[in-house]
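Structural overview for review
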Amino acid sequence: MTMTSLDKDVEHLTLTLVADFTAPVERVWRLWADPRQLEGWWGPPSYPATVEEHDLTPGGDVTYFMTGPGGDKYRGWWRITSVDAPTSLEFTDGFADQDGAPNTTMPTMAVRVRLGEHGGGTRMEMRSVFDSAEQMEQLADMGMVEGLRQAVGQMDGLLAD
């Protein structure tokens, strides 16, 4: 696995993942920018994602669902706030109801992704910022930390193809 760290900072309400890849920045960027490649890693292996909408422009949306082992679908969305291809992406990440509408009873996170050259390859930093410690704990209790670890662990295989 290429993940070098996963730091949960309750004081600053952040979860920061750092991963290093041997692939160039432009290739790692395609894992975010191409919806079919995003499907290959967004979500842990037992909850594969299907991307329905993918508009990586400021104000654009990415909508998706993950299918669990029992066939249950869990929907989510991103609202894109900033893009500077191929080095940065910022979005609000949230849960959706079964019809795909944002679920306002669930927390959202502000996510910032940075890609940069590092050691002949790429370093990816993905920082999620939560509104409160309670929301951060709620998502951690739902398995977000381990799910993120498993999801990013799939990126190497896609980059090798």
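Residues numbered from 1 in each chain as written. Predicted model: local features only at pLDDT ≥ 70, side-chain atom pairs only at ≥ 80, totals over all residues. Heavy atoms only, no water.

1. Considering the pattern of salt bridges
Within the structure shown, the criterion is met by eight salt bridges. Across the pair Arg36 and Glu39 runs a salt bridge, and its minimum N-O distance is 3.0 Å. Placement of the pair is Arg36 and Glu39 together in helix 2 (residues 35-39), with a separation of three residues, close to one helical turn. When its relative accessible area of 21% is taken as the criterion, Glu39 is described as partly exposed. (Salt bridge = Lys/Arg side-chain N within 4 Å of Asp/Glu carboxyl O. Helix = DSSP H or I, 4+ residues; strand = E, 2+ residues; numbered from the N terminus. Buried < 20%, exposed > 50% of the residue type's maximum accessible area, 1.4 Å probe, protein only.)

2. Overview of the pairing of strand 7 (residues 109-118)
Inspection of the sheet shows strand 6 (residues 88-96) paired to strand 7 by six bridges, in the antiparallel sense. Note on strand 7: the bridge partner recorded for Leu89 is Val113. With 10 bridges joining them, strand 7 and strand 8 (residues 121-130) adopt antiparallel strand pairing. Residue Leu115 lies in a different strand from strand 8, and its bridge partner there is Met124. Counted along the chain from strand 7 to the antiparallel partner strand 8, the turn is two residues long, and its residue Gly119 has a positive phi close to 55 degrees. (Pairing = 2+ DSSP bridges.)

3. Here's the deal with unusual backbone geometry
The omega angle of the peptide bond from Ala85 to Pro86 is 0 degrees, so this bond is cis rather than trans. Looking at where Pro86 falls in the secondary structure, it is placed in the loop between strand 5 (73-84) and strand 6. The phi torsion at Leu13 lies on the positive side, around 60 degrees, for a residue other than glycine. Mapped onto the elements, Leu13 comes out in the loop between strand 1 (3-9) and strand 2 (14-21).

4. A word on the nonpolar core
The biggest cluster of nonpolar side chains holds 40 residues, and the ones touching the most others in it are Trp32, Trp42, Trp78 and Met124. With five residues, helix 1 (residues 25-33) is the largest single contributor of residues to this core. Excluding residues that lie within four positions of it along the chain, Trp42 makes contacts with Trp32, Tyr47, Ala49, Tyr64, Met66, Trp78, Phe91, Asp93 and Met126. (Core = buried A, V, L, I, M, F, W, Y, C linked by side-chain atoms within 4.5 Å. Contact = heavy atoms within 4.5 Å.)

5. Quick look at the environment of Tyr74
Checked against the element boundaries, Tyr74 lands in strand 5. When its relative accessible area of 43% is taken as the criterion, Tyr74 is described as partly exposed. Between the C-alpha atom of Tyr74 and that of Asp97, which follows or precedes it by 23 residues, the distance is 8.0 Å. Filtering out sequence-adjacent residues up to four positions away, Tyr74 remains in contact with Tyr47, Tyr64, Phe65, Met66 and Gly68.

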